[in-house]
2 protein chains.
Amino acid sequence: MPVTRHIPESTIRRISHYLRALEILESQEATTVSSEELAQRGGTTAAQVRKDLSHFGSFGKRGLGYSVAELADRLRDILGLKCRWRVVLVGAGRIGSALFEYPYFVQRGYDCVAVLDSDPEKIGMSWGPVRIRPVEELELVISSLKGDIVILAVPPEAAQDLADRAVEAGVRAILNFAPVQLRVPAEVHVTYVNLVLELEALSFAITQAGSRT
Amino acid sequence: MPVTRHIPESTIRRISHYLRALEILESQEATTVSSEELAQRGGTTAAQVRKDLSHFGSFGKRGLGYSVAELADRLRDILGLKCRWRVVLVGAGRIGSALFEYPYFVQRGYDCVAVLDSDPEKIGMSWGPVRIRPVEELELVISSLKGDIVILAVPPEAAQDLADRAVEAGVRAILNFAPVQLRVPAEVHVTYVNLVLELEALSFAITQAGSRT
DNA sequence: CCTAGATTGTGACTAATTTCACAAGCGACT
DNA sequence: AGTCGCTTGTGAAATTAGTCACAATCTAGG
């Protein structure tokens, strides 16, 4: 089991897709699946599926394919979905609110244990069982509630400072919606969701396609 | 000017970052910038900056660097930001609402010209100057308002059908927030924003980091 | 006009990722 | 038990992306 090897980011993303496909198959009571089928549902090729999985071991049976339930279980393990994660949401604006209500987070084991904001109007409001707290309590919240992941849904000018404080308080993972590059120590993992960037990729693609002769 | 060559997706994403950095520099009245400085602000290396730009031509002056205004202008051109884009938003739920209000879209030239939803309770409501329309009018809206880009912020089970209809109506770009892989013709561009996937990448990273000996 | 210092643009190299191709292994059927 | 059809797992090849190093060339200053 080569667990220590470096795994490409893209492999991880595909693994997530495979898991989603497997869950659909589970709900359809399928018992086995081939790399070919998994590839189609995940939008890639059979060879890629097998290569991706081979990074983590060998889970299939030659001539037969993969056991849906077993592979799904293994992938959940790989992605760290065997436990629940405590998420601290910073920013109770539009985006924060949408994320808080996003049903697939809870479904996948991500529990929003706290919401913070800097706006005095919002502080004290209750979102379901969670009361919005002042952003000053970030360190307190992270340590007392043992937050694993911080989601930053704040204006760009506030993001770096909050990231610094979260890291200082011991968080090892940040999901950043603010359109700025964060500077964090190497052991802290950051993923970016940059909505404008996604649209720009599209307008580039459309423009290019048109100008190609 | 090698415009026809295939450009890596990752280059485009970095170009977006460079443009953001340049706009900050513009607001600080800087007139020139070196690849080194651009690299630091964009989170990459000087060589990478130059290689990325070289895909599109040569915009700098040796010994001096790049003119901030000129390069920003050129990058806007490359990314297709010289015109305004008409975006049709499908789904007026939490995510849709957050996107509709997202200030950076308008700032960058993406105008939400219509909002559609399937919920009778929502249809007819006014979001600022835009009235929410029934999702049945998708084709009509795309053709009458000349929609360029469709944003899908709908439940996964509805996404494929809506994508098919949007493509049929002539849309060439889709930004998909539903956690499903869309099947579209090759000439249609799709980018995915999959929030769960981003969190999974983080929980994987944390888990791995811990288990590495 | 010539030199010094700086910085680009790019071709050669290196690293990473994906694709290919096929031996190995499994189950079903005879 | 032996054969057949199918599907995995994986090294090797091909492709793609990123880094390096340096010639080319610009400005400034004497």
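Residues numbered from 1 in each chain as written. Chains lettered and ligands numbered in written order. Predicted model: local features only at pLDDT ≥ 70, side-chain atom pairs only at ≥ 80, totals over all residues. Heavy atoms only, no water.

**Q** I'm lost on the sheet that holds strand β10 (residues 189–192) of chain A in this one. Help?
**A** Within a beta sheet, neighbouring strands are joined by backbone hydrogen bonds and run either parallel or antiparallel to one another. All names here are of chain A. Judged by pairing direction, the sheet is mixed, and its 7 strands sit side by side in the order β6-β7-β5-β4-β8-β9-β10 without closing on themselves. A single partner strand is all that each edge strand has here, and the edge strands are β6 (126–127) and β10. In the sheet, strand β8 (residues 149–152) pairs with strand β9 (residues 173–176) via 4 bridges, with the strands oriented parallel. Pairing of I149 across the sheet is with A173, part of β9. Those strands touched by helix α8 (residues 156–168) are β4 (85–90), β8 and β9, and its axis lies near 170° from that of β8. (Pairing = 2+ DSSP bridges. Helix = DSSP H or I, 4+ residues; strand = E, 2+ residues; numbered from the N terminus. Contact = heavy atoms within 4.5 Å. Axes fitted to C-alpha atoms, helices over the stretch in contact; angles between N-to-C directions.)

**Q** How should the interface of chain A and chain B be read in this particular structure?
**A** Many authors give the size of an interface as the accessible area that is lost as the parts come together. Taken together, the contact pairs 64 residues of chain A with 65 residues of chain B. With both sides pooled, the region where chain A packs onto chain B buries about 5,900 Å², and carbon together with sulfur makes up 67% of that total. Here chain A is connected to chain B by 8 salt bridges. Among the secondary structure elements, those contributing two or more residues to the side of chain A that touches chain B are α1 (9–27), α2 (35–42), α5 (94–101), α6 (103–107), β9, β10 and α9 (195–211) of chain A. If you tally residues by element for the side of chain A that touches chain B, the top one is α9 of chain A, at 16 residues. (Buried area = accessible area lost by both parts, 1.4 Å probe. Salt bridge = Lys/Arg side-chain N within 4 Å of Asp/Glu carboxyl O.)

**Q** I would appreciate a short explanation of the sheet that holds strand β10 (residues 189–192) of chain B in the present structure.
**A** Residues and elements named next belong to chain B. Pairing in this open sheet of 7 strands is mixed, and the strands run β6-β7-β5-β4-β8-β9-β10 from one edge to the other. Both edges of this open sheet fall to β6 (126–127) and β10, since each of them pairs with a single strand only. In this sheet, strand β7 (residues 130–134) lies alongside strand β5 (residues 110–117) in parallel orientation, the contact comprising 3 bridges. Among the inter-strand pairings, D117 is bridged to a residue of β7, identified as P134. In this fold helix α8 (residues 156–168) packs onto β4 (85–90), β8 (149–152) and β9 (173–176), with an angle of close to 170° to the strand it touches most, β8.

**Q** Sorry if this is basic, but what is going on with the protein's contact with DNA strand C here?
**A** Taken together, 23 residues form the shell around DNA strand C, and within it S35, R50, G60, R62 and Y66 of chain B come nearest. Sugar and phosphate atoms represent 63% of those atoms of DNA strand C found within 4 Å of the protein. S35 of chain B has a polar side-chain atom sitting 2.5 Å from a phosphate oxygen of DNA strand C. Taking G60 of chain B, its main chain carries an N or O atom lying 2.9 Å from a phosphate oxygen of DNA strand C. Of all the secondary-structure elements, those providing two or more residues to the surface near DNA strand C are α1 and α3 (46–54) of chain A together with α3 (46–54), β2 (60–61) and β3 (65–67) of chain B. Ranked by residue count, the leading element in the surface near DNA strand C is α3 of chain A, at 4 residues. Taken together, the residues of the surface near DNA strand C break down into 5 nonpolar, 10 polar and 8 charged. (Near = heavy atom within 4 Å. Polar contact = N/O pair within 3.5 Å; in protein donor to acceptor, adjacent residues only side chain to side chain. Nonpolar A, V, L, I, M, F, W, Y, C, P; charged D, E, K, R; others polar.)

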